[in-house]
Amino acid sequence: MNRWKPSVLHEGEGNIRNVKWRGHLIAWANNMGVKILDMISKQRITNVPRDDISLRPDMYPCSLCWKDNLTLIIGWGNSVKICSVKERHASEIRDLPNRYVEIVFQFDTEFYISGLAPICDQLVILSYVKEISDKTAVECCARPRLDIVQPLPESCEEISSDALTVRGFQENECRDYHLEYSEGESLFYIISPRDVVVAKERDQDDHIDWLLEKKKYEEALMAAEISQKTIKKHKILDIGLAYVNHLVEKGEYDLAARKCQKILGKNTELWEFEVYKFKEIGQLKAISPYLPRRDPVLKPLIYEMVLHEFLESDYEGFATLIKEWPGDLYNNTIIVQAVVDHLKKDPQNRTLLRTLAELYTYDQRYGRALEIYLTLRHKDVFQLIHKHNLFSSIRDKIVLLMDFDSEKAVDMLLDNEDKISIDRVVEELENRPELQHVYLHKLFKRDHHKGQRYHEKQISLYAEYDRPNLLPFLRDSTHCPLEKALEICQQRNFVEETVYLLSRMGNSRSALKMIMEELQDVDKAIEFAKEQDDGELWEDLILYSIDKPPFITGLLNNIGTHVDPILLIHRIKEGMEIPNLRDSLVKILQDYNLQILLREGCKKILVADSLSLLKKMHRTQMKGVLVDEENICESCLSPILPSDASKSFNVVVFHCRHMFHKECLPVSNTVSPVQFCNICSAKHRGPGSAILEMKK
C-alpha cells in the first residue's frame, strides 16, 4: 500500500461504523449519521442524520446496502430508509452539488436491525429480537429473525418471517449479527459469533418439498403441474402416486380412484398395478367407473376381475358395467358362463337375464338374446329385431311378440311383409283369433286389397271381436262374399249390418222392412229411402206408416222434397190423431214456398244467361270475315278469289267459315231465302246461314 497516496474524505465526527462503495458513490456511517460522497465531483451530496440518538452506535451499528448504483438502503436501530440519488436541474445548481438524495421509502420495524439486503423489489432484514421470558418475567435475547418485507411509502408489508437457531443466541447482542449477500448467486450469509448460516431464495422444488412434508398433496400436485418446466427434483407422476396412496390410507377410495384418471394417464402398467392394489383392499368397485376403455386398454383379465367382483355382490352394478363397457374389453365367453352359473341359483332374476341378453347381443348370438327379451317382455326387443334383421328368428315367435305389444308387433310385421309373409303371420295366429283380427284389421286399414283372400274370415272376426268396425269393413271391402256376410249378420241379429247388406244385394224393400220392424226408426227409414231414391220404396214406407201417427209425423217433416205430400195426406184416415200435425203442415207449406222461390230464381238466372249468350252470338256473327288468296272453295277446291282481280265474281261465306263460289252452291228447292252450309248440314253440326255474299 506504500505506493498508494491516502486521501482523507471526512473526519472529526467519531468512529466510522460502516462503509459501502458502489460506482462513483461512497456511503459511510459514523456516530452522527450517514454521508454520501460523489467521487466525480469530490463533493459530499447528503447527510442522513440518525433517528434514535438514544441508542449507542457501537451497540446498534448502522447497516448500509447499495441496491443499485443510485439506491442506498439504510437500516439503523428499528428504522429503515431507502434513498435515491438524483441529478439536480441545471437551474438549481449554483453553489450546490450536481446531485442530491431523496428518501423514497421510510418505515420502522418491530425489532432492531442487524443487517439488510435487497431481493428483487423487496428487502431481506436480519433482526435482533428481545422478548419477555414467561418464567422469569425478565427481558432476554431471542433467536434472530430473517424477514422478507415489501417496502411501502410509509410502512411495509411482511412477506415471510423465519426465526434462526444459532448457537449462543441468548448471549448475543445486536452488533454480533451481520448480513451479507452475494448478488450474482442470490445467496445470503447470516454471521453470528459462533455460526455462519447460508440462506438462499426458495425455488418451486423447495415449495413442493414443504407441501409434501405438510401432506398437502393436492396443492403440491397443482404446483408441480404449473412449474413442470422449472422443477428439477420432483416428478408429477411421483407426487400423484404419493397423493393416491395418501387418499387410500385415509380411506377416501372414491376420490383416490377418480384421481387415478388424471395421474396415471395412459400408463397401462401403473393402471394395472393400482387395480391390483385396490383389489387387495377390497375396493375394486371404487375404481371400476374410472378404468380406461379406449386408449389405453388394459388386459382383459383386469376387466374380468372387476366384473366378477360385481357379479358376486351387486347385480345392478354388474348390469351397468356391461351396458357402459364395450364388449371387446373382456372375454365375453367367460363372463357369459359366469352369468349362466349364477342364473342356476336364481333363474328368475330379471337383472341377470337382461344382462345375459346384452352379452349374447355383443357375441352376435341374437337368437338367444331375442328369446330372453321376449321372456322378459323387454322394450328393446323390437329394436333388436330391426337392428340385426332377426325376422327369420321370429317366424315362430309371432304370438309372443303380439302378446307383448300387439301394436308394435303388427306395425313391424306389416312394414316387413317381404321378410315375413301375410300368409305366414295368419297361419301362426290361427289359434289366437283375437290377435289374428288385430293383424288383419290393421292390414285392411293400410290396403283394402292385400289381404282379400282373408276378407271372408274377417267377417266372423269382426263380428266376434270388433263389431263397431264391421259395418265400415263391409262398406269398404270389394272382396267380401255378401251371402256369407248376410248369413253371419242374420245369425247374430246385427240389424244395421243386415240392412246394409240387403240394400247392397238389391233387396231394398226387405232392408226397409227390417228398419221399420226391427229398428222402428222412421228417421233411418226416411234416410234409407232418400239414399235409394226409389218411388216404390217411398210407397212401401207410406203404406207401413199410414196407421202409425208418429211415423206419419216423421214422414210429413221429411217427405216434402222427395215425394208429393198430397199422396200421404190423402191416405190419412179421418179422425186419426197425429202429433204436431199443424207444425208438420206448416213445414210442408214452407218447403213448397221455398221450392217455388228456388225455381223462380233459377228461371231468372237462366233467362239472363240465355239473353247474354244470344247477344254474344249476335256480335260474333256481325263481325267481318277475312277472305284472301289462301282460302279455297269447299265445292270445287279452287282458290276462292280469281287470279284476275279485274273480273267480276260472287262468293258466299257461312258463319261456320266455309266458303263457296256462288255458282258452285246447289240450287235450293225451298222457298226460304236462308241458305245453309252443305258440309255442316251433312255432318249434322247445325245449320250455318250465309253471313256474307261478296260480289264484284
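The present account deals with the structure reproduced in this document. The structure displayed is predicted, hence computed values, not measured ones. (Residues numbered from 1 in each chain as written. Predicted model: local features only at pLDDT ≥ 70, side-chain atom pairs only at ≥ 80, totals over all residues. Heavy atoms only, no water.)

### Looking at the overall build of the protein
Phase 1 of the analysis: Looking only at helices and strands, the protein has 27 helices and 20 strands in total.
Phase 2 of the analysis: Within the protein, the proportion of its 696 residues that are buried is 40%.
Phase 3 of the analysis: A separation of at least 24 residues holds for 49% of the contacts in the protein among residues at least 6 apart in sequence. (Helix = DSSP H or I, 4+ residues; strand = E, 2+ residues; numbered from the N terminus. Buried < 20%, exposed > 50% of the residue type's maximum accessible area, 1.4 Å probe, protein only. Contact = heavy atoms within 4.5 Å.)

### Quick word on a nonpolar patch on the surface
Phase 1 of the analysis: The grouping of I191, V196 and V198 at the surface amounts to a nonpolar patch, some 240 Å² of accessible area in total.
Phase 2 of the analysis: By the element assignment, V198 lies in strand β17 (residues 196–200). (Patch = residues over 30% accessible without salt bridge, like charges linked within 9 Å, V, L, I, M, F, W, Y side chains within 5 Å. Areas by Shrake-Rupley, 256 points an atom, 1.4 Å probe, with all protein chains shown as cover. Salt bridge = Lys/Arg side-chain N within 4 Å of Asp/Glu carboxyl O.)

### Overview of a positive patch on the surface
Phase 1 of the analysis: Taken together, the side chains of K615, K616, R619, K623 and R657 define a basic patch exposed on the protein surface.
Phase 2 of the analysis: Its place among the elements puts K623 in the loop between α26 (581–621) and β18 (650–654).
Phase 3 of the analysis: By relative accessible area, K623 is classed as exposed at 57%. (Lys, Arg positive; Asp, Glu negative; His and termini not counted. Charge placed at Lys NZ, Arg CZ, Asp CG, Glu CD.)

### Description of the nonpolar core
Phase 1 of the analysis: Residues L291, W325, Y330, V339, I385, L401 and Y439 are the most contacted members of the largest nonpolar core, which totals 86 residues.
Phase 2 of the analysis: The contact partners of W325, leaving out residues within four places of it in the chain, are S288, L291, R293, Y303, V306, L307, Y330 and Y362.
Phase 3 of the analysis: In terms of nonpolar packing, the next biggest core, distinct from the first, is built from 28 residues, L471, L474, L486 and L501 among them. (Core = buried A, V, L, I, M, F, W, Y, C linked by side-chain atoms within 4.5 Å.)

### A few points about the packing of helix α16 (residues 433–446) against helix α17 (residues 455–465)
Phase 1 of the analysis: Running from N to C, α16 and α17 point in directions that differ by 115 degrees, and their axes come no closer than 10 Å. Like other packed secondary-structure pairs, α16 and α17 cross with a definite hand, here left-handed. Along its contact with α16, which presents P433, E434, Q436, H437, L440, H441 and F444, the element α17 presents H455, K457, Q458, L461, Y462 and Y465. (Axes fitted to C-alpha atoms, helices over the stretch in contact; angles between N-to-C directions. Left-handed = near helix turned anticlockwise from the far one by under 90°.)

### Observations concerning the environment of D51
Phase 1 of the analysis: Among the structural elements, D51 can be located in the loop between β4 (43–49) and β5 (63–68).
Phase 2 of the analysis: In this structure D51 comes out as partly exposed when scored by relative accessible area, which is 46%.
Phase 3 of the analysis: A sequence separation of 28 residues divides D51 from S79, and the C-alpha atoms of the two residues are 7.6 Å apart.
Phase 4 of the analysis: When residues no more than four places from it in sequence are discounted, the contact partners of D51 are S79, K81 and Q106.
Phase 5 of the analysis: For D51, the side chain forms a polar contact with the side chain of S79, separated by 2.9 Å.
Phase 6 of the analysis: Polar contacts involving the side chain of D51 include one to the side chain of K81, which spans 2.9 Å. (Polar contact = N/O pair within 3.5 Å; in protein donor to acceptor, adjacent residues only side chain to side chain.)

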